[in-house]
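Each chain, letter by letter, is given below.
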Amino acid sequence: MADILLDIKGLEKAFPGVKALKGVNLQVRRGEIHALMGENGAGKSTLIKVLTGIYAKDGGTILFDGKPLDARSPIEANAAGISTIYQELNLVLFQTVYENLFIGREPLTKWGRVDRPTMVREAQRILQEFGIDIDVTRPLSNYSTAVQQMVAIARAVSTKAQLVIMDEPTSSLDVQEVQLLFGIMRKLKQSGISMIFISHKLDEIFEICDRLTVLKDGSFVGDYDIDALDQLKLISLMVGRDSVELERTKKGYAFDGATQVAAVKGIRRGMQLAGVDLEILQGEVLGLAGLLGSGRTELAQALFGSQVPDEGEIFWWGQPAKVHSPADAIGLGMGFCTEDRKVEGIIPHLSVKENMTIALLPKLNFLGFVRRKQQDELVKKYIDRLKIKTPSPEQAINNLSGGNQQKVLLARWMCMNPKLIILDEPTRGIDVGAKAEIEQLIQELAQSGIAVLMISSEIAELERNCDRIAVMREGRVVQQLKGDDISQNNIMHAIASGSEKGGQCNE
Ligand SMILES: Nc1ncnc2c1ncn2[C@@H]1O[C@H](COP(=O)(O)OP(=O)(O)OP(=O)(O)O)[C@@H](O)[C@H]1O
Ligand SMILES: [Mg+2]
C-alpha cells in the first residue's frame with residue numbers, strides 16, 4: 001500500500017540471556033505520528049536500534065518506502081531517510097548552533113571554502129520556521145536541552161528525513177517546552193513526515209499520536225488507532241492486567257511539631273538561587289514544584305553539597321552543618337538520586353549488583369571483606385521490589401533498558417537507609433506499572449521516618465505523593481501548599497502565578 005512508509009514484519013533480536021524482540025511488527029503510515037508503547041524492557045529502544053542499524057537483526061523483514069532496508073549503521077539509515085533524535089543527542093555541544101545544523105553537509109563557496117555567511121543565514125531561517133529565535137553563532141551548550149533537541153530535529157528535517165524517530169524526547173522538557181515540541185511535530189506531520197514517538201507519559205500519547213503499537217516482553221501485542229483506546233485500556237494492554245492504582249491517598253497534614261531533619265536558610269547561588277529558606281521534617285514527603293530552571297535541582301544540589309552556595313546556611317537536625325561536598329552529605333545521612341543517570345548516576349561497565357551497592361560498600365565491609373551474603377540478599381530484595389528486569393544481578397548495567405537503569409539507581413539510595421533522601425524526577429522514564437510500585441515504596445520510606453525531598457515536573461505525581469509542596473520560581477520559594485490544599489489545580493496555579501504573590505512566603 002502506498003500510504004505505508006515503514007513496514008516491519010517478524011523482527012527478531014536476541015542478546016545473551018535475553019530475547020529482546022520476538023517477532024515484532026510495526027507499520028507506520030505516511031504523515032502519521034505513531035507511538036511505540038510498552039513497559040520498561042519491552043523492547044522499544046532495541047526495535048529502534050535495529051531499524052537504524054545500531055544492532056543487526058536476527059530475523060524478520062524491514063520495508064521502507066517500498067524497498068527492503070537493511071541499514072548497517074545510523075549513517076546508512078539516515079541516507080535512506082530515517083533520522084533519530086536520541087536521548088543522548090548526537091550533537092557537538094561546544095560548536096555553534098549553525099555548525100551543528102550543517103555537520104557533514106556544509107555549503108561551500110565557489111572557491112571550495114566553507115560558506116559561513118550562508119550557513120548562518122540558512123540556520124536562522126530554518127530555526128525561525130520552527131519558532132525558535134536564538135543566536136545561531138553561539139555554542140549549542142549555551143542553550144537548554146529543549147533548544148538542543150529542536151536543533152537536532154531541525155537538522156533531521158532539513159536532511160530530508162521521511163521518518164523522524166524520537167525515543168523519550170520529552171523526559172527532560174518542562175510543560176511549555178513539550179508544547180513547543182508538539183507544535184513542531186504537528187508542522188512536520190502537515191508536511192507529510194512520519195514520526196515514531198516513545199514516551200511513558202500517557203497524556204502526551206493521547207495528545208499527539210494518531211496510532212500506536214504495543215509491545216510486551218519483546219512480543220507484538222497489536223496496533224491501534226488512538227481513538228479506539230482510552231488510558232485504562234492502553235495500560236491493560238501494556239501491563240497485561242486491568243488497573244494500576246495511581247491516586248492521592250493522603251489526607252490532611254500531620255507534621256506540625258515534627259522534628260526538623262534538614263533546613264536551608266538564605267541560600268543564594270549565582271542567578272539560580274535567590275535566597276531560599278526551607279525546612280524538611282521527619283517522615284514528610286516534601287515536593288519541589290516549578291518549571292525547569294526555577295531552581296529546584298539547584299536547591300537540592302546545594303543541600304547535598306554538589307553545588308556549594310555563595311551564601312546561606314544548612315542545618316542538620318537543628319545544628320549548623322558543613323556540607324561542602326556530596327561526601328559530607330552522605331556522611332550525615334543524605335542520599336540523592338539524581339535527575340541525570342547518564343552523567344552522575346550509573347557506572348556503565350559495572351554490574352547491576354555493583355551499581356546498586358557501590359555507595360553501601362563501606363558499610364558492608366567487615367575486616368576488609370565485603371559481606372557477600374548480605375550484599376546478595378539486599379540486591380535480590382530490590383530487584384524483586386522494584387521489578388528490575390535483568391537476566392541476573394551480574395548483568396552489566398548498560399545492557400538494561402533505560403527505565404530499569406533508573407530503578408537500579410533508586411535502589412542504590414534506598415538500601416543506604418538515609419535519614420533524608422532527595423529524589424530528582426524519580427519516575428522519569430519509568431512505565432506506569434512500575435511507577436505505582438515506586439510511589440508505594442516512597443510512602444513506606446516516609447512512614448519509616450525518613451524525610452523525602454521529591455522533585456518532579458509531573459504535577460500529578462507531586463499531588464499523589466507529597467504532604468507539602470514548595471513551589472519555586474526564579475530561584476525562590478514563592479508558595480507552599482500542604483495537606484488538603486494540595487491539588488493539581490492549586491499546584492499548577494502556583495507555578496503559573498507564583499511570582500505575583502510577591503517574593504517568598506514562608507509560614
Ligand atoms: N546491549 C544489550 N545487551 C544485553 N541486553 C540488552 C541490550 N540492550 C537491551 N537489552 C535488553 O533487551 C530488553 C529490551 O530493552 P529495551 O532497551 O529495548 O527496552 P525499552 O522498551 O526501551 O525499555 P525502557 O522503557 O525502560 O526504555 C531488556 O531486557 C534489556 O535488558
Ligand atoms: Mg528505552
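Residue numbers run consecutively from 1 along every chain, following the written order of its sequence. For naming, the first written chain is A and the first written ligand is 1, with later ones following in the order written. Since the coordinates come from a predicted model, pLDDT governs what is reported: local features require at least 70, and pairs of side-chain atoms require 80 or more to be given and counted, while whole-chain, interface and lining totals use all residues. The side-chain quantities take in all heavy atoms of the structure and omit both hydrogens and water.

A.B. asks: Account for the nonpolar core, naming residues and giving values.
C.D. replies: Soluble globular proteins: nonpolar side chains tend toward being buried together. Leu 278, Leu 303, Met 356, Leu 420, Val 452 and Ile 491 are the most contacted members of the largest nonpolar core, which totals 76 residues. Ranked by size, the runner-up nonpolar core spans 53 residues in total, among them Val 147, Met 195, Ile 205 and Ile 235. Each nonpolar core is a collection of buried residues, namely Ala, Val, Leu, Ile, Met, Phe, Trp, Tyr and Cys, held together in the definition by side-chain atoms within 4.5 Å. Exposure is judged per residue with a 1.4 Å probe applied to protein chains only, and the accessible area is read against the type maximum: over 50% gives exposed, under 20% gives buried, and values in between give partly exposed.

A.B. asks: Let's hear about the environment of Gly 23: which residues, and what values?
C.D. replies: Per the convention used, a helix needs a DSSP run of H or I reaching at least four residues, while a strand needs a run of E reaching at least two, with both numbered from the N terminus. With respect to the helices and strands, Gly 23 occurs in strand S2 (residues 18–29). In this structure the C-alpha to C-alpha distance between Gly 23 and Gly 59, which are 36 residues apart in sequence, comes to 8.1 Å. Dropping the residues within four chain positions of it, Gly 23 is found in contact with Gly 10, Leu 11, Glu 12 and Phe 220. The criterion used for residue contact is that any of the two residues' heavy atoms lie within 4.5 Å.

A.B. asks: Break down the packing of helix H5 (residues 145–158) against helix H6 (residues 175–190) for me, with residues and values.
C.D. replies: Each pair of packed helices can be summarised by the angle the axes make with each other and by the distance between the axes. For the pair H5 and H6, interaxial distance at closest approach is 10 Å and the crossing angle is 10 degrees. Judged by the angle between their axes, H5 and H6 are roughly parallel. Facing Ala 146, Met 150, Ile 153 and Val 157 of H5, the residues of H6 in contact are Glu 177, Leu 180, Leu 181, Ile 184 and Leu 188. Of the residues assigned to the contact of H5 with H6, the class counts are eight nonpolar, no polar and one charged. Here an axis means a line fitted to C-alpha atoms, over the contact stretch when the element is a helix, while the angle between two N-to-C directions is reported on a 0 to 180 degree scale. Each angle is binned into one of four classes, with values under 35 degrees roughly parallel, values over 145 roughly antiparallel, values of 65 to 115 roughly perpendicular, and all other values oblique. The nonpolar class holds Ala, Val, Leu, Ile, Met, Phe, Trp, Tyr, Cys and Pro. Asp, Glu, Lys and Arg form the charged class, and all remaining residues, Gly among them, are polar.

A.B. asks: Please provide a residue-by-residue account of the sheet that holds strand S15 (residues 319–321), values included.
C.D. replies: Strands qualify as paired when DSSP identifies two bridges or more between them. Spatial strand order, S12-S11-S14-S15: four strands in an open sheet with antiparallel pairing. Strands with a single pairing partner mark the edges of an open sheet, and in this sheet they are strand S12 (273–281) and S15. Across the sheet, the mean angle from the axis of one strand to that of its neighbour is 20 degrees, orientation sign disregarded. Where strand S14 (residues 311–316) lies against S15, three bridges are found, and the strand directions are antiparallel. Within the sheet, the bridge partner assigned to Phe 315 lies in S15 and is Pro 320. The sheet strands contacting helix H9 (residues 296–304) are strand S11 (260–269), S12 and S14, and the helix crosses S12 at an angle near 65 degrees.

A.B. asks: I'd like a rundown of helix H15 (residues 402–414), residues and numbers included.
C.D. replies: Here the expected length of a helix is defined as 1.5 Å per residue gap, with one fewer gap than residues. Its 13 residues give H15 an end-to-end C-alpha distance of 19 Å, which sits within 8% of 18 Å, the value for a rise of 1.5 Å per residue. Taken across its 13 residues, H15 has 12 buried, putting it largely inside the fold. Gly 403, Asn 404, Gln 405, Gln 406, Lys 407, Val 408, Leu 409, Leu 410, Ala 411, Arg 412, Trp 413 and Met 414 are the residues of H15 that are buried.

A.B. asks: Kindly report on the site of ligand 1, identifying the contributing residues and their values.
C.D. replies: One heavy atom within 4 Å of a molecule or strand is enough for the residue carrying it to be called near that molecule or strand. Surrounding ligand 1, one finds 20 residues, the nearest of these being Gly 41, Lys 44, Thr 46, Ser 401 and Gly 403. Whenever a nitrogen or oxygen atom comes within 3.5 Å of another N or O atom, the pair is scored as a polar contact, on the condition that within protein one atom can donate a hydrogen and the other can accept it, and that pairs from neighbouring residues in sequence are kept only if both atoms are in side chains. In this structure, an oxygen atom belonging to ligand 1 sits 2.9 Å away from a main-chain N or O atom of Gly 43. One of the side-chain N or O atoms of His 200 is found 2.8 Å from an oxygen atom in ligand 1. Taking 640 Å² as the accessible area of ligand 1 by itself, protein coverage stands at 92%. Where the shell around ligand 1 is concerned, the elements lending two or more residues are S2, helix H1 (44–51) and H15. If one sorts the elements of the shell around ligand 1 by residue count, H1 sits on top with three residues. Considered class by class, the residues forming the shell around ligand 1 number six nonpolar, 11 polar and three charged. Looking at which domains feed residues into the shell around ligand 1, each of domain 1 (4–239) and domain 3 (342–417) gives three or more. Reported accessibility uses the Shrake-Rupley method at a 1.4 Å probe radius. Residues are deemed covered only where the shown protein chains occlude them. Domain limits in this description derive from either an automatic procedure or a database domain assignment.

A.B. asks: Could you give an account of H1, with specific residues and numbers?
C.D. replies: Of all eight residues that make up H1, six are buried, and the element is covered over most of its length. Among the residues of H1, those classed as buried are Lys 44, Thr 46, Leu 47, Ile 48, Val 50 and Leu 51. Where H1 ends, the next residue or the one after it, Gly 53, has phi of about 80 degrees, a positive value.

A.B. asks: I'd love a proper account of the packing of aromatic side chains, names of residues and values included.
C.D. replies: The description of an aromatic ring pair rests on the distance of the ring centres and on the angle between the ring planes. Paired rings are identified among Phe, Tyr and Trp, the last through its six-membered ring, by centres lying within 6.5 Å, and are further divided according to the angle between planes into stacked (under 30 degrees), edge-to-face (over 60) and tilted (the rest). All told, the structure shown has six aromatic pairs when counted by the stated rule. With a centroid separation of 5.2 Å and 85 degrees between ring planes, the pair formed by Phe 304 and Phe 336 is classed as edge-to-face. With Phe 304 in helix H9 and Phe 336 in strand S16 (residues 334–337), the pair connects residues that are 32 residues apart, well separated along the chain. Accessibility expressed as a relative area gives 5% for Phe 336, which makes it buried. Ring geometry for Phe 304 against Trp 413: centres 6.4 Å apart, planes inclined by 90 degrees, an arrangement best described as edge-to-face. With Phe 304 in helix H9 and Trp 413 in helix H15, the pair connects residues that are 109 residues apart, well separated along the chain. With respect to burial, Phe 304 and Trp 413 carry one shared label: buried. Here the aromatic cluster, defined as three or more aromatic residues joined through ring pairs, consists of Phe 304, Phe 336 and Trp 413. Over the ring of Phe 315 we find Lys 265; its NZ or CZ atom is 4.8 Å from the centre of that ring. Charge over a ring is defined by NZ of Lys or CZ of Arg lying within 6 Å of the ring centre and within 35 degrees of the ring normal.

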